[in-house]
Amino acid sequence: MHVETHGQKLYYIFAGDREAYLGRGGKSPSFVGQVVVKEAWSAREVPADTPYDTTVSPVRYLKQDGRLFHAEQRNGLFIMYKLDPSTPDTDLGWVYGTVAPDGTVTSAGRVESCMGCHQSAPNERLFGMKYQGA
């Protein structure tokens, strides 16, 4: 979970092939068939000494720079799926989708707002994560 883009929310990243997404074992993170889902949450800063259970999965708290944030409310899903790069009407094979917290699909395909950021990503449209251990 990180405080980053998509509106300064906390989010979880899920990948169809986690090892490839993390760039391990010589695998490409951006292979045909890869799916990446970002689950976004509205976050609220809470007192840094707020107790929470680190054994509950997923942990809905994040400590960053001495501050503590709590993921309080789902804000939706951001989805990427990789097809063959020559597939028409894709972003070099990537199709994007967004889903509202109530399950409503809000966009799908060549989503300009997604493409605008992901075209500058360093890993074939994927930003990747700084892996800090499982």
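Each remark here, short or long, concerns the structure printed above.
My aim in this report is to walk through the structure given alongside it, one point at a time. Since the model is a prediction, treat every value here as computed from it, not as a measurement. (Residues numbered from 1 in each chain as written. Predicted model: local features only at pLDDT ≥ 70, side-chain atom pairs only at ≥ 80, totals over all residues. Heavy atoms only, no water.)

**Some words on the pattern of salt bridges**
- Under the defined criterion, the tally for this structure stands at 5 salt bridges.
- With a shortest N-O distance of 2.8 Å, Glu72 and Arg44 are connected by a salt bridge. Taken together, the residues Glu72 in strand S5 (residues 67-82) and Arg44 in strand S3 (residues 35-46) connect sequence positions 28 residues apart. (Salt bridge = Lys/Arg side-chain N within 4 Å of Asp/Glu carboxyl O. Helix = DSSP H or I, 4+ residues; strand = E, 2+ residues; numbered from the N terminus.)

**Description of the packing of aromatic side chains**
- Tallying each qualifying case throughout the model produces 2 aromatic pairs.
- Seen in terms of ring centroids, Tyr12 and Trp41 are 6.4 Å apart; in terms of plane orientation they differ by 80 degrees. Their pairing is edge-to-face. Separated by 29 residues along the polypeptide, Tyr12 in strand S2 (residues 10-15) and Trp41 in strand S3 bring together distant segments of the chain.
- A relative accessible area of 10% places Tyr12 in the buried class. (Phe/Tyr/Trp six-rings, centres within 6.5 Å; stacked < 30°, edge-to-face > 60°. Buried < 20%, exposed > 50% of the residue type's maximum accessible area, 1.4 Å probe, protein only.)

**Let's talk about the nonpolar core**
- Ranked by size, the top nonpolar core spans 9 residues in total: Tyr21, Val36, Met80, Trp94, Tyr96, Val111, Cys114, Met115 and Leu126.
- For this core, the secondary-structure elements that each account for two or more residues are strand S6 (94-99) and helix H3 (112-118).
- Those residues in contact with Met80, other than ones at most four positions away along the chain, are Gln34, Val35, Val36, Trp94, Val95, Tyr96, His118, Arg125 and Leu126.
- In this structure, Leu10, Trp41, Leu62 and Ala71 belong to the second largest nonpolar core, which totals 6 residues. (Core = buried A, V, L, I, M, F, W, Y, C linked by side-chain atoms within 4.5 Å. Contact = heavy atoms within 4.5 Å.)

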